[in-house]
Amino acid sequence: MREHLKSCAQAVLDGESEIAEELARLTLEKKMDLLEVIENGFVAGIREVGKLWEEGILFLPELVMGAEAMKAAMELLQPALETEGSDREKVGHVVIGTIEGDIHDIGKTLVATMLSANGFKITDLGADVPAVRFVDEAEKNDADCIAISALLTTTMPGQKKVIEELDKRSMRSRVKVMVGGAPCDEKWAAEIGADGYAGDAVAAVSLARSLTGRG
Ligand code: B12
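Residues numbered from 1 in each chain as written. Predicted model: local features only at pLDDT ≥ 70, side-chain atom pairs only at ≥ 80, totals over all residues.

**A short note on the site of the ligand**
Then, in step 1: Close to the ligand lie 37 residues, the nearest being Gly50, Ile106, Gly107, Ser149 and Gly180.
Then, in step 2: Contributions of two or more residues to the shell around the ligand are made by helix H3 (34–54), helix H4 (60–83), helix H5 (106–117), strand S3 (145–149), strand S4 (176–180) and helix H9 (201–212).
Then, in step 3: Examining the composition of the shell around the ligand, we find that 7 residues originate from one element, H3, more than from any other.
Then, in step 4: Here the shell around the ligand is composed, by residue class, of 22 nonpolar, 9 polar and 6 charged.
Then, in step 5: Shared between two domains, the shell around the ligand holds at least three residues of each, these being domain 1 (2–83) and domain 2 (92–212). (Near = placed C-beta within 6 Å. Helix = DSSP H or I, 4+ residues; strand = E, 2+ residues; numbered from the N terminus. Nonpolar A, V, L, I, M, F, W, Y, C, P; charged D, E, K, R; others polar. Domains from an automatic or database assignment.)

This is how it looks when you write it as C-alpha coordinates:
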(Lines give C-alpha, C1' and ligand atoms only; values in the text may rest on other atoms or scores of the structure.)
Protein backbone atom coordinates (compact mmCIF):
# COMPACT_ATOMS: atom_id res chain seq x y z
CA MET A 1 0.00 0.00 0.00
CA ARG A 2 2.79 2.44 0.87
CA GLU A 3 4.32 1.99 -2.58
CA HIS A 4 0.94 2.55 -4.22
CA LEU A 5 0.38 5.78 -2.26
CA LYS A 6 3.84 6.99 -3.24
CA SER A 7 3.15 6.26 -6.93
CA CYS A 8 -0.17 8.14 -6.78
CA ALA A 9 1.52 11.21 -5.26
CA GLN A 10 4.35 10.98 -7.79
CA ALA A 11 1.96 10.78 -10.79
CA VAL A 12 0.37 14.07 -9.67
CA LEU A 13 3.77 15.61 -8.98
CA ASP A 14 4.90 14.65 -12.49
CA GLY A 15 1.62 15.86 -14.04
CA GLU A 16 1.08 12.41 -15.59
CA SER A 17 -2.69 12.14 -16.12
CA GLU A 18 -2.58 8.73 -17.80
CA ILE A 19 -0.51 7.18 -15.03
CA ALA A 20 -2.77 8.80 -12.41
CA GLU A 21 -5.80 7.26 -14.15
CA GLU A 22 -4.15 3.87 -14.29
CA LEU A 23 -3.37 4.03 -10.58
CA ALA A 24 -6.96 5.07 -9.84
CA ARG A 25 -8.21 2.08 -11.83
CA LEU A 26 -5.88 -0.23 -9.93
CA THR A 27 -7.18 1.24 -6.64
CA LEU A 28 -10.74 0.27 -7.64
CA GLU A 29 -9.78 -3.14 -9.01
CA LYS A 30 -7.90 -4.10 -5.86
CA LYS A 31 -10.66 -2.60 -3.68
CA MET A 32 -8.17 -0.50 -1.75
CA ASP A 33 -9.29 1.99 0.89
CA LEU A 34 -10.49 4.88 -1.30
CA LEU A 35 -10.14 7.59 1.29
CA GLU A 36 -6.65 6.56 2.20
CA VAL A 37 -5.55 6.53 -1.46
CA ILE A 38 -7.15 9.94 -2.08
CA GLU A 39 -5.83 11.68 1.05
CA ASN A 40 -2.40 10.06 1.41
CA GLY A 41 -1.76 9.51 -2.29
CA PHE A 42 -3.28 11.97 -4.75
CA VAL A 43 -3.98 14.83 -2.33
CA ALA A 44 -0.48 14.49 -0.82
CA GLY A 45 0.85 14.85 -4.39
CA ILE A 46 -1.09 18.02 -5.19
CA ARG A 47 -0.09 19.59 -1.85
CA GLU A 48 3.56 18.90 -2.67
CA VAL A 49 3.03 20.51 -6.10
CA GLY A 50 1.65 23.60 -4.34
CA LYS A 51 4.61 23.70 -1.96
CA LEU A 52 7.17 23.41 -4.77
CA TRP A 53 5.32 26.07 -6.74
CA GLU A 54 5.38 28.41 -3.77
CA GLU A 55 9.13 27.81 -3.43
CA GLY A 56 9.61 28.72 -7.09
CA ILE A 57 10.77 25.22 -8.02
CA LEU A 58 7.74 24.47 -10.23
CA PHE A 59 6.03 26.89 -12.64
CA LEU A 60 2.37 27.51 -13.50
CA PRO A 61 2.17 24.99 -16.39
CA GLU A 62 3.44 22.28 -14.01
CA LEU A 63 0.86 23.35 -11.42
CA VAL A 64 -1.86 23.05 -14.07
CA MET A 65 -0.61 19.63 -15.18
CA GLY A 66 -0.50 18.41 -11.59
CA ALA A 67 -4.09 19.58 -11.06
CA GLU A 68 -5.17 17.85 -14.28
CA ALA A 69 -3.60 14.55 -13.22
CA MET A 70 -5.33 14.89 -9.83
CA LYS A 71 -8.70 15.55 -11.48
CA ALA A 72 -8.28 12.63 -13.91
CA ALA A 73 -7.80 10.25 -10.98
CA MET A 74 -10.65 11.80 -8.97
CA GLU A 75 -13.08 11.45 -11.86
CA LEU A 76 -12.65 7.69 -11.65
CA LEU A 77 -12.67 7.47 -7.84
CA GLN A 78 -15.55 9.84 -7.09
CA PRO A 79 -18.41 7.68 -8.46
CA ALA A 80 -17.18 4.76 -6.35
CA LEU A 81 -17.13 6.95 -3.23
CA GLU A 82 -20.59 8.33 -3.96
CA THR A 83 -22.32 4.96 -4.41
CA GLU A 84 -21.48 4.19 -0.78
CA GLY A 85 -24.21 6.65 0.29
CA SER A 86 -26.66 6.41 -2.59
CA ASP A 87 -29.26 4.05 -1.15
CA ARG A 88 -29.52 5.67 2.26
CA GLU A 89 -32.23 8.08 3.33
CA LYS A 90 -30.93 11.62 2.93
CA VAL A 91 -29.82 13.22 6.19
CA GLY A 92 -29.79 16.85 5.05
CA HIS A 93 -29.41 19.07 2.02
CA VAL A 94 -26.16 20.96 1.44
CA VAL A 95 -25.60 23.61 -1.23
CA ILE A 96 -21.88 23.70 -1.97
CA GLY A 97 -19.55 25.66 -4.23
CA THR A 98 -16.35 27.64 -4.56
CA ILE A 99 -16.84 31.36 -4.13
CA GLU A 100 -16.77 33.94 -6.91
CA GLY A 101 -13.37 34.75 -8.45
CA ASP A 102 -11.94 31.39 -7.40
CA ILE A 103 -11.64 28.43 -9.77
CA HIS A 104 -10.09 25.94 -7.33
CA ASP A 105 -12.59 23.08 -7.22
CA ILE A 106 -10.69 19.91 -6.31
CA GLY A 107 -11.13 20.24 -2.52
CA LYS A 108 -14.74 21.44 -2.84
CA THR A 109 -15.61 18.46 -5.04
CA LEU A 110 -13.97 16.07 -2.60
CA VAL A 111 -16.03 17.54 0.26
CA ALA A 112 -19.20 17.27 -1.88
CA THR A 113 -18.43 13.64 -2.70
CA MET A 114 -17.79 12.72 0.94
CA LEU A 115 -20.99 14.43 2.08
CA SER A 116 -22.92 12.58 -0.61
CA ALA A 117 -21.28 9.28 0.38
CA ASN A 118 -22.48 9.94 3.92
CA GLY A 119 -26.10 10.44 2.97
CA PHE A 120 -26.37 14.19 2.39
CA LYS A 121 -28.28 15.49 -0.62
CA ILE A 122 -25.90 17.77 -2.54
CA THR A 123 -26.44 20.70 -4.85
CA ASP A 124 -22.98 21.39 -6.26
CA LEU A 125 -22.81 24.81 -7.89
CA GLY A 126 -19.25 24.35 -9.15
CA ALA A 127 -16.60 27.04 -8.91
CA ASP A 128 -16.57 30.84 -9.31
CA VAL A 129 -20.07 31.11 -7.79
CA PRO A 130 -21.49 34.56 -6.89
CA ALA A 131 -22.58 34.94 -3.25
CA VAL A 132 -26.23 35.56 -4.16
CA ARG A 133 -26.38 32.30 -6.13
CA PHE A 134 -25.56 30.24 -3.00
CA VAL A 135 -28.51 31.88 -1.27
CA ASP A 136 -30.84 31.60 -4.29
CA GLU A 137 -30.16 27.87 -4.48
CA ALA A 138 -30.50 27.35 -0.72
CA GLU A 139 -33.86 29.12 -0.83
CA LYS A 140 -35.06 27.20 -3.88
CA ASN A 141 -34.06 23.81 -2.43
CA ASP A 142 -34.98 24.59 1.17
CA ALA A 143 -31.40 23.54 2.06
CA ASP A 144 -30.16 22.99 5.62
CA CYS A 145 -26.63 24.14 5.00
CA ILE A 146 -24.41 26.16 2.67
CA ALA A 147 -20.78 25.05 2.30
CA ILE A 148 -18.40 27.60 0.80
CA SER A 149 -14.88 26.88 -0.39
CA ALA A 150 -12.21 29.57 -0.87
CA LEU A 151 -8.59 28.84 -1.77
CA LEU A 152 -7.39 32.38 -2.29
CA THR A 153 -6.94 35.02 0.39
CA THR A 154 -8.46 37.47 -2.09
CA THR A 155 -11.69 35.47 -2.46
CA MET A 156 -12.24 34.62 1.23
CA PRO A 157 -14.29 37.82 1.84
CA GLY A 158 -16.87 36.39 -0.57
CA GLN A 159 -17.77 33.84 2.11
CA LYS A 160 -18.84 36.71 4.34
CA LYS A 161 -20.99 38.11 1.53
CA VAL A 162 -23.01 34.88 1.50
CA ILE A 163 -23.76 35.28 5.21
CA GLU A 164 -24.74 38.92 4.69
CA GLU A 165 -27.09 37.88 1.88
CA LEU A 166 -28.70 35.25 4.15
CA ASP A 167 -29.19 37.95 6.78
CA LYS A 168 -30.70 40.30 4.23
CA ARG A 169 -33.30 37.68 3.27
CA SER A 170 -33.98 36.73 6.93
CA MET A 171 -32.79 33.18 6.20
CA ARG A 172 -29.78 33.09 8.52
CA SER A 173 -31.52 31.26 11.38
CA ARG A 174 -32.59 28.33 9.21
CA VAL A 175 -29.50 27.84 7.02
CA LYS A 176 -26.18 26.80 8.60
CA VAL A 177 -22.98 27.99 6.97
CA MET A 178 -19.70 26.10 6.88
CA VAL A 179 -16.49 27.35 5.34
CA GLY A 180 -13.25 25.72 4.24
CA GLY A 181 -10.27 25.84 1.93
CA ALA A 182 -6.54 26.19 2.59
CA PRO A 183 -6.44 29.83 3.83
CA CYS A 184 -9.50 29.49 6.12
CA ASP A 185 -9.48 28.50 9.77
CA GLU A 186 -11.67 28.50 12.89
CA LYS A 187 -10.77 32.08 13.65
CA TRP A 188 -11.87 33.25 10.20
CA ALA A 189 -15.13 31.32 10.50
CA ALA A 190 -15.85 33.01 13.83
CA GLU A 191 -14.88 36.42 12.47
CA ILE A 192 -17.37 36.29 9.59
CA GLY A 193 -20.12 34.67 11.67
CA ALA A 194 -20.07 31.25 9.98
CA ASP A 195 -21.30 28.25 11.97
CA GLY A 196 -18.16 26.21 11.45
CA TYR A 197 -14.91 25.43 9.69
CA ALA A 198 -13.44 22.07 8.73
CA GLY A 199 -9.94 21.39 7.47
CA ASP A 200 -10.60 18.32 5.34
CA ALA A 201 -13.39 16.31 3.75
CA VAL A 202 -13.75 13.85 6.64
CA ALA A 203 -13.98 16.66 9.20
CA ALA A 204 -16.48 18.39 6.89
CA VAL A 205 -18.82 15.39 7.20
CA SER A 206 -18.71 15.48 11.04
CA LEU A 207 -19.25 19.22 10.98
CA ALA A 208 -22.24 18.97 8.61
CA ARG A 209 -23.72 16.26 10.83
CA SER A 210 -23.39 18.32 13.97
CA LEU A 211 -24.64 21.52 12.32
CA THR A 212 -27.74 19.93 10.84
CA GLY A 213 -28.32 17.80 13.94
CA ARG A 214 -28.83 14.81 11.67
CA GLY A 215 -26.92 11.84 10.33
C1 B12 B 1 -4.23 22.82 -7.80
C2 B12 B 1 -4.05 24.30 -7.60
C3 B12 B 1 -4.42 25.14 -8.64
C4 B12 B 1 -5.12 24.65 -9.91
C5 B12 B 1 -6.64 24.49 -9.60
C6 B12 B 1 -7.31 23.41 -10.42
C7 B12 B 1 -8.70 23.13 -9.92
N8 B12 B 1 -9.57 22.85 -10.87
O9 B12 B 1 -9.02 23.18 -8.74
C10 B12 B 1 -4.82 25.82 -10.91
C11 B12 B 1 -3.53 25.51 -11.62
C12 B12 B 1 -5.89 26.11 -11.95
C13 B12 B 1 -4.60 26.97 -9.92
C14 B12 B 1 -4.72 28.30 -10.27
C15 B12 B 1 -4.38 29.35 -9.42
N16 B12 B 1 -3.82 29.25 -8.18
CO17 B12 B 1 -3.72 27.59 -7.19
N18 B12 B 1 -3.28 26.09 -6.18
C19 B12 B 1 -3.48 24.81 -6.39
C20 B12 B 1 -2.88 24.01 -5.19
C21 B12 B 1 -1.50 23.51 -5.62
C22 B12 B 1 -3.67 22.82 -4.68
C23 B12 B 1 -5.14 23.07 -4.34
C24 B12 B 1 -5.82 21.73 -4.19
O25 B12 B 1 -6.52 21.29 -5.10
N26 B12 B 1 -5.53 21.02 -3.09
C27 B12 B 1 -6.02 19.67 -2.85
C28 B12 B 1 -7.38 19.73 -2.17
C29 B12 B 1 -7.90 18.32 -1.91
O30 B12 B 1 -7.19 20.39 -0.95
P31 B12 B 1 -8.00 21.73 -0.53
O32 B12 B 1 -8.38 22.48 -1.74
O33 B12 B 1 -7.26 22.43 0.53
O34 B12 B 1 -9.35 21.14 0.06
C35 B12 B 1 -9.41 20.42 1.26
C36 B12 B 1 -9.64 21.30 2.51
O37 B12 B 1 -9.16 22.62 2.36
C38 B12 B 1 -11.10 21.20 2.76
N39 B12 B 1 -12.03 22.12 2.05
C40 B12 B 1 -11.92 22.69 0.83
N41 B12 B 1 -13.00 23.39 0.55
C42 B12 B 1 -13.85 23.28 1.58
C43 B12 B 1 -15.10 23.81 1.81
C44 B12 B 1 -15.77 23.55 3.00
C45 B12 B 1 -17.11 24.11 3.25
C46 B12 B 1 -15.14 22.74 4.00
C47 B12 B 1 -15.81 22.49 5.28
C48 B12 B 1 -13.86 22.20 3.77
C49 B12 B 1 -13.23 22.47 2.56
O50 B12 B 1 -11.41 19.89 2.38
C51 B12 B 1 -10.69 19.56 1.19
C52 B12 B 1 -10.45 18.08 1.11
O53 B12 B 1 -9.67 17.58 2.16
C54 B12 B 1 -2.82 25.13 -4.09
C55 B12 B 1 -1.78 24.90 -2.99
C56 B12 B 1 -2.42 24.62 -1.63
N57 B12 B 1 -1.58 24.52 -0.63
O58 B12 B 1 -3.60 24.57 -1.46
C59 B12 B 1 -2.58 26.38 -4.94
C60 B12 B 1 -3.01 27.75 -4.40
C61 B12 B 1 -4.36 27.68 -3.72
N62 B12 B 1 -3.13 28.54 -5.64
C63 B12 B 1 -2.70 29.76 -5.51
C64 B12 B 1 -2.74 30.74 -6.54
C65 B12 B 1 -2.10 32.08 -6.22
C66 B12 B 1 -3.34 30.47 -7.79
C67 B12 B 1 -3.48 31.45 -8.99
C68 B12 B 1 -3.87 32.90 -8.61
C69 B12 B 1 -2.18 31.40 -9.81
C70 B12 B 1 -2.05 32.37 -10.95
N71 B12 B 1 -1.09 33.24 -10.79
O72 B12 B 1 -2.80 32.31 -11.88
C73 B12 B 1 -4.59 30.76 -9.81
C74 B12 B 1 -5.99 31.19 -9.33
C75 B12 B 1 -6.99 31.36 -10.37
C76 B12 B 1 -8.35 31.66 -9.74
N77 B12 B 1 -8.94 32.77 -10.08
O78 B12 B 1 -8.88 30.90 -8.96
C79 B12 B 1 -2.17 30.03 -4.10
C80 B12 B 1 -3.10 30.90 -3.26
C81 B12 B 1 -2.34 31.92 -2.45
C82 B12 B 1 -3.26 32.69 -1.57
N83 B12 B 1 -2.93 32.67 -0.31
O84 B12 B 1 -4.19 33.30 -1.97
C85 B12 B 1 -1.94 28.56 -3.56
C86 B12 B 1 -2.11 28.42 -2.03
C87 B12 B 1 -0.49 28.16 -3.96
C88 B12 B 1 0.58 28.86 -3.17
N89 B12 B 1 1.16 28.18 -2.22
O90 B12 B 1 0.88 30.01 -3.40
N91 B12 B 1 -4.23 26.51 -8.69
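Alright, that's what it looks like, and here's the rest.
**Quick look at the environment of Lys161**
Then, in step 1: Within the fold, Lys161 resides in helix H7 (residues 157–168).
Then, in step 2: For Lys161, a count of 18 C-beta atoms within 10 Å corresponds to the partly exposed category.
Then, in step 3: For the pair formed by Lys161 and Ala150, sequence separation is 11 residues and the distance between their alpha carbons is 12 Å. (Buried ≥ 20, exposed ≤ 12 C-beta atoms within 10 Å, placed from the backbone.)

**Observations regarding the pairing of strand S2 (residues 120–124)**
Then, in step 1: Of the two faces of S2, the one lined by Phe120, Ile122 and Asp124 is fully buried and the one lined by Lys121 and Thr123 carries no buried residue.
Then, in step 2: The sheet contact formed by strand S1 (residues 92–98) and S2 spans 5 bridges and is parallel. Considered in S2, the bridge of Val94 is made with Ile122.
Then, in step 3: Crossover S1 to S2 through H5 is right-handed. (Pairing = 2+ DSSP bridges. Right-handed = clockwise from strand over helix to strand, strands pointing away.)

**Looking at the domain arrangement of the protein chain**
Then, in step 1: Entries for the protein chain in the domain assignment read domain 1 (2–83) and domain 2 (92–212).
Then, in step 2: Counting residues per element, the ones that place at least two in the side of domain 1 that touches domain 2 are H3 and H4.
Then, in step 3: Residue composition of the side of domain 1 that touches domain 2, by class: 6 nonpolar, 1 polar and 2 charged.

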